[in-house]
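Residues per chain are reported as follows:
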Amino acid sequence: RKHFKVSGRQFDLRMVQGHAPVVFLLECQETKPGESVYVVGAHEALGQWSPSGAVVMTTNAATFPLWTSSPLPLPAGEAIEFKCVILRDNRSVVKWEAFSGNRMVEAVDGSTVSVRSTWDSISSMASSAQLVSEHGQPAECMGLVKEGGTLNRTMSGARIFGDQMGQLTVEMEAKEPMKRNFSQSLLALDEPGDIEAAAAEVAPMPSPREHRGVSLQHIASFSALTEMADVATKDEVRQRRKAEYAPFNLDVPIVIVSSEMAPYSKSGGLGLVAASYSYEFARNGHRTMAVSPKYQHYEGLTYIGETMVRVAGQDQLVKYWHIYKDLGDGKGCDYVFVDHPCIQRGAGLYNADDGREYHDNLLRFSLLSAAAMEAPLVLHIGGYPYGEKVVFIANDWQAGLVPVYLCYKYRQHNRYREARCMYVIHNLGYQGQYYGVNACDFFSIDHKAMGDILLGNSINLTKGAIICSDRVLTVSPNYAWEIQTREGGFGLDDIVKGKANGLRLAGILNGVDDCWNPAIDTKIARTFSLADFEEGKRFNKAELQKRLGLRQDPDVLVVGFCGRLTWQKGVDVLADCIGWLMDDTGNGVTGRVQLIMMGNGEEKYANALRWAEGQYGGRVCGFVGFDPKVEHQMMAGCDLFIMPSRYEPCGLPQMYAQVYGTLPVVHATGGLKDSVRDISEGLEVATGFHIPYIAEDKVKGALWTAMELFFKHPGEFKQMQRNAMNSDYYWPQAMDQYEQNIDYMLYDPANQR
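The rules behind each value
- Residue numbers restart at each chain and count upward from 1, following the sequence in its written direction.
- Given that the model is predicted, a residue must reach a pLDDT of at least 70 before its local features are reported, and side-chain atom pairs must reach 80 or more before they are shown or counted; all residues, however, enter totals for whole chains, interfaces and linings.
- Derived side-chain values reflect all non-hydrogen atoms in the structure, with water molecules and hydrogen atoms excluded from consideration.
- Going along the chain from the N terminus, every DSSP run of H or I of four or more residues is numbered as a helix, and every run of E of two or more is numbered as a strand.
- Classification of residues uses two cut-offs on accessible area relative to the type maximum, computed with a 1.4 Å probe and protein chains only: under 20% is buried, over 50% is exposed, and between them is partly exposed.
- In what follows, a contact means two residues having at least one pair of non-hydrogen atoms within 4.5 Å.
- Accessible areas in this description were obtained via Shrake-Rupley with a 1.4 Å probe; residue shielding takes into account the shown protein chains only.
- Charged-residue counts in this description rest on Lys and Arg as positive and Asp and Glu as negative, His and the chain ends being excluded.
- Each salt bridge in this description consists of a side-chain nitrogen of Lys or Arg and a carboxyl oxygen of Asp or Glu lying within 4 Å of one another.
- N or O atoms within 3.5 Å of each other form a polar contact, as long as, within protein, one can give a hydrogen and the other can take it, and as long as residues adjacent in sequence are counted only when both atoms are side-chain atoms.
- Pairing between strands is defined by DSSP: at least two bridges between them are needed.
- Only the contacting stretch of a helix is used when fitting its axis, a line to C-alpha atoms as for every element, and angles between N-to-C directions run 0 to 180 degrees.
- We call a set of buried Ala, Val, Leu, Ile, Met, Phe, Trp, Tyr and Cys residues a nonpolar core when their side-chain atoms join them within 4.5 Å.
- Between 30 and 60 degrees the pair is tilted, below 30 it is stacked and above 60 it is edge-to-face, where a pair is any two Phe, Tyr or Trp rings, Trp via its six-membered ring, whose centres lie within 6.5 Å.
- What pLDDT reports is the predictor's confidence in each residue, on a scale of 0 through 100.
- These descriptions rest on fixed angle ranges, namely under 35 degrees for roughly parallel, over 145 for roughly antiparallel, 65 to 115 for roughly perpendicular, and the rest for oblique.
- Nonpolar residues are Ala, Val, Leu, Ile, Met, Phe, Trp, Tyr, Cys and Pro. Charged residues are Asp, Glu, Lys and Arg, and all others, Gly as well, are polar.
- Definitions for this section: a left-handed crossing has its near helix turned counterclockwise from the far helix by less than a right angle. A right-handed crossing has that turn clockwise.
- Here the term cavity refers to a set of points on a 1 Å grid, laid over the protein atoms alone, in which a 1.4 Å probe fits but cannot get out; the term pocket refers to an open set having protein on both sides within 12 Å along at least five of seven lines, with lining residues being those that place an atom within 4 Å of a point.
- Grid points are joined across faces, edges and corners, and a volume is the space filled by probe spheres set on the points.

> Where do I start with the overall build of the protein in this structure?
On a plain count of helices and strands, the protein comes out with 20 helices and 34 strands. Sorting the 753 residues of the protein into buried and exposed places 62% on the buried side. Contacts in the protein between residues at least 24 apart in sequence constitute 72% of all its contacts with a sequence separation of at least 6. Summed over its atoms, the accessible surface of the protein is roughly 28,200 Å², and 48% of this surface lies on carbon and sulfur atoms.

> How should I be thinking about the side chain of Asp 736 in this particular structure?
By the element assignment, Asp 736 lies in helix α20 (residues 731-747). We note that Asp 736 is buried and unpaired, the nearest opposite charge coming from Arg 238 at a distance of 10.0 Å. A polar atom in the side chain of Asp 736 sits 3.0 Å from the backbone nitrogen of Glu 244. Each residue touching Asp 736, except ones within four places of it in the same chain, is listed here: Ala 243, Glu 244 and Tyr 245.

> Please clarify how the sheet that holds strand β18 (residues 288-293) should be interpreted in this entry.
In a beta sheet, neighbouring strands pair by backbone hydrogen bonds and run either parallel or antiparallel. Pairing is mixed in the open sheet, where 9 strands are placed in the order β19-β20-β21-β18-β17-β22-β23-β27-β28. A strand with exactly one partner marks an edge of an open sheet, and here the two such strands are β19 (302-311) and β28 (505-507). Strand-to-strand twist in this sheet, taken as the mean axis angle between neighbours without regard to direction, amounts to 25°. One ladder, built from 9 bridges, connects β19 with strand β20 (residues 314-328); its direction is antiparallel. Looking at the pairing, Met 308 lines up with Leu 317 of β20. Its contacts with the sheet place helix α3 (residues 269-284) against β17 (254-257), β18, β20, β21 (331-339), β22 (391-395) and β23 (420-425), and it is angled at close to 140° to β21.

> What is the right way to look at the nonpolar core in this model?
Within soluble globular proteins, side chains that are nonpolar tend to cluster in buried spots. Core analysis: the biggest nonpolar cluster contains 106 residues, and Tyr 277, Phe 281, Phe 392, Tyr 405, Tyr 416, Phe 443 and Tyr 738 have the highest contact counts within it. Setting aside residues up to four positions removed in sequence, Tyr 738 forms contacts with Tyr 277, Phe 281, Met 422, Leu 473, Ile 508, Asn 510 and Trp 731. Counting 42 residues, the second largest nonpolar core, distinct from the first, contains Met 582, Leu 609, Ile 691 and Phe 710.

> Sorry if this is basic, but what is going on with the sheet that holds strand β26 (residues 458-460) here?
Taken in spatial order, the 3 strands line up as β24-β26-β25 in an open sheet, and their pairing is antiparallel. In this open sheet, the two strands that pair with only one neighbour each are β24 (433-435) and β25 (454-455). The pairing of β25 with β26 spans 2 bridges and is classified as antiparallel. Across the sheet, the residue bridging to Leu 454 is Ile 459, located in β26. Seen against the sheet, helix α8 (residues 461-468) touches β25 and β26 and runs at an angle of roughly 45° to β26.

> I keep staring at the packing of aromatic side chains and nothing clicks. Help me out?
Aromatic ring pairs are described here by two measures, namely the spacing of the ring centres and the angle between the planes. Considering all chains together, one arrives at 26 aromatic pairs under this definition. When the centroid spacing of 5.8 Å and the interplanar angle of 80° are considered together, the rings of Phe 365 and Trp 397 count as edge-to-face. Taken together, the residues Phe 365 in helix α4 (residues 361-378) and Trp 397 in the loop between β22 and α5 (401-410) connect sequence positions 32 residues apart. With respect to burial, Phe 365 and Trp 397 carry one shared label: buried. A ring pair is formed by Trp 516 and Tyr 656, whose centres lie 3.8 Å apart and whose planes are at 10°; its orientation type is stacked. Taken together, the residues Trp 516 in the loop between β28 and α11 (533-547) and Tyr 656 in helix α16 (residues 653-659) connect sequence positions 140 residues apart. For the pair shown, Trp 516 and Tyr 656 are each scored as buried.

> Help me understand the pairing of β21 in this model?
Consecutive side chains of a regular strand alternate in pointing toward one face of the sheet and then the other. The buried fraction of β21 amounts to 8 of the 9 residues, a majority that puts the element mostly inside the structure. When β18 meets β21, the two strands line up parallel, connected through 6 bridges. By the bridge assignment, Ser 292 is partnered in β21 with Phe 337. Inspection of the sheet shows β20 paired to β21 by 9 bridges, in the antiparallel sense.

> Just checking my understanding: could you explain the confidence of the model for the protein for this structure?
Caution applies to low-pLDDT parts of the model: their predicted coordinates are not meant to be read in detail. For the protein, the average pLDDT comes to 85, and 85% of its residues sit at 70 or higher. Within the model, pLDDT remains below 50 along residues 1-16, and this stretch shows 43 contacts once partners closer than five positions in the same chain are excluded. Low pLDDT, under 50, characterises residues 187-209; the predicted model gives this stretch 57 contacts beyond four residues in sequence or across chains.

> Any chance you could explain the environment of Ser 221 here in plain terms?
Inspection of the secondary structure puts Ser 221 in the loop between β16 (212-213) and α2 (231-237). Judged by its relative accessible area of 22%, Ser 221 falls in the partly exposed class. Along the sequence, Ser 221 and Gly 268 sit 47 residues apart, while their C-alpha atoms lie 4.4 Å from each other.

> So what exactly am I meant to see when it comes to the packing of α3 against α20 here?
The description of two packed helices rests on the angle between their axes and on the distance between the axes. It is the contact of α3 with α20, at a shortest axis distance of 11 Å, that shows an interaxial angle of 75°. With respect to each other, α3 and α20 are oriented roughly perpendicular. In this structure, α3 contributes Val 273, Ser 276, Tyr 277, Glu 280, Phe 281 and Asn 284 to the contact, and α20 contributes Trp 731, Met 735, Tyr 738, Glu 739 and Ile 742. Considering only residue class, the contact of α3 with α20 consists of 7 nonpolar, 2 polar and 2 charged.

> When you look at the packing of α4 against α5 in this model, what are you seeing that I'm missing?
Interhelical geometry of α4 versus α5 gives an angle of 60° and a closest axis separation of 9 Å. Our classification of the angle between α4 and α5 gives oblique. Of the two possible hands of crossing, α4 and α5 adopt the one that is right-handed. Across the interface between the two elements, Ser 366, Ser 369, Ala 370, Met 373, Glu 374 and Leu 377 from α4 touch Leu 401, Val 402, Tyr 405, Leu 406 and Tyr 410 from α5.

> Is there a simple way to explain empty space enclosed by the protein in this structure?
If a probe the size of a water molecule is rolled over the atoms, the empty space left behind becomes visible. Per the stated rule, a full pass over the model turns up 4 cavities of 30 Å³ or more. One number sums up the size of the largest cavity: a volume of about 100 Å³. Contributing to the lining of the largest cavity are 13 residues, with Leu 272, Ser 276, Gly 511, Asp 513 and Trp 731 lying nearest its centre. The element best represented in the lining of the largest cavity is α3, accounting for 3 residues. The class makeup of the residues in the lining of the largest cavity is 8 nonpolar, 4 polar and 1 charged.

In structure tokens form, the structure reads like this:
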């Protein structure tokens, strides 16, 4: 028996001497709901060409369309033929790749080989990493080199077979897949068990392996670290922002259900958005309740009641704790926290310190939904209950059972007949998908309800929520369209289309909190407004350069990036552009640029930042980590802010940047497309620059357009800055749209199942 660690995982490989692990990776967008990708080939570990013995590959929101297998032991030094197939969950229908012949791979003794392919293409790319023993003996690291502007890793020992020999790839994609229901911590590779794996994958850098800024433990998005403006600040800056829509149903209470609620609990943007809902609906005049799990005992809570709910085949006692937040003018929000022994944990909200999802998350969030449904009926807050005519706003799959319970457990028993449920999709990639669950027993629902939440051989809470809700909202109009496509629907596109066809789907951009305002921002070196933005940005640029160790030069163009260092965020393509940005070829544009990249995530990208900072001292800052204050200072001091995200349901930094007169360069996807008006629309309205799709030449093209405008047409660049600063992405304008959708929903018939 041999024990090996590969990318942070330990494997017990019961195999004869001379076998070594191989990881198969395939880029494929051909699957339909209920289908998965499998690898099959001429070895017993690959099913001996039998689809019934094929090995399943997995994907998730962050890696799609890349599918990855577990490490499979194959004989070292022997060429093994393989191919990929698409199978239904029951393996009854088989779709083979169409090319003639087969790919081949050869395992390497003492190493893990990763072979990457594309559906219907016989060519492959392979890379290898030496195994780390169970005693932690480090493997010889592969060297990081720069060739032709592309970041590559030298390697030996891997042979590539096929009609064409692909370029040796730098990426070791054999990391344990992110859990299908959650985004992992930004410090995933900083956990003790992953240090050895990172050392085996990444070459030693000239800079030390350090992380700057605040702790990112159990943080999935930098949005979680944003501080929100207090009530007094909001009142002050909103004196000139008035609602343009007069709601018709302010007398209907709002019940917000969310697994996160800032400032009490937050791991990403969901906590901030839910907290904004709790403030905005209350300030608009609704009686407002915000229901969230009691992950710990928060200061100021008062026990207000308890009830029994039936989940997991048992009657479960849930307790409610309460705090009222006064928002002025006689308005406020009731924060209600659901308490049960399974909810409180010593680590993250959803994952343990090792990044693994808690085994009972389905129970935890089923209890949240069940308790939230009872809260308006059983809790006498302020002397009387909220009652049955309420609007539930259920956020993401953790609250996905709210519309299911409303349809099948309450309306069918003549309760909540006038209530409605709005389901908000913040990221369709995470769906609450679990296997091996008897839905009828676990959720105490009938077979018809079970049909709404079954997807293949799993239960899928997002599917049930979309079908049963009275209205579905997403966090941007373009994302509402994207999730109706096969590429963006993550297997639920047909379900979403059905909602759209019934005119019950819409998209609303998330709002920007009032703390993002250069006129009052205490985190920047000097406040400024539209009237003096040129002087203000010039001063903030100088201070930003000084703080981050860049050469103090007012005439260079400063480009900023802040985000997770992952493939989804396009960091790989951006890294390939660094040499081009820094190279002065006499064109009057490139070579006159400074680059600030702040973020954390995958260690290979973190090391790319460190390498760039060492290579281009004084011109590139590779800030591995995150500091909320620096983020504000970047918005104030940068000239451009780049977001080459491959997909982005909403995005907030591109809106922050515009408020500060920093022009965004963004991929035309999701909320990025909705919130940035491209220069092609005309200088009188343009606020930024679109990247049509993510490829190195397209990113360079968009950057070139922006940089050339800065250097050669400064007057036009400043006009775009004025346009950007005049944009209004704050919450009041977003709430106008929410109130409209609530009115539509209340006047439409309830969803009857």
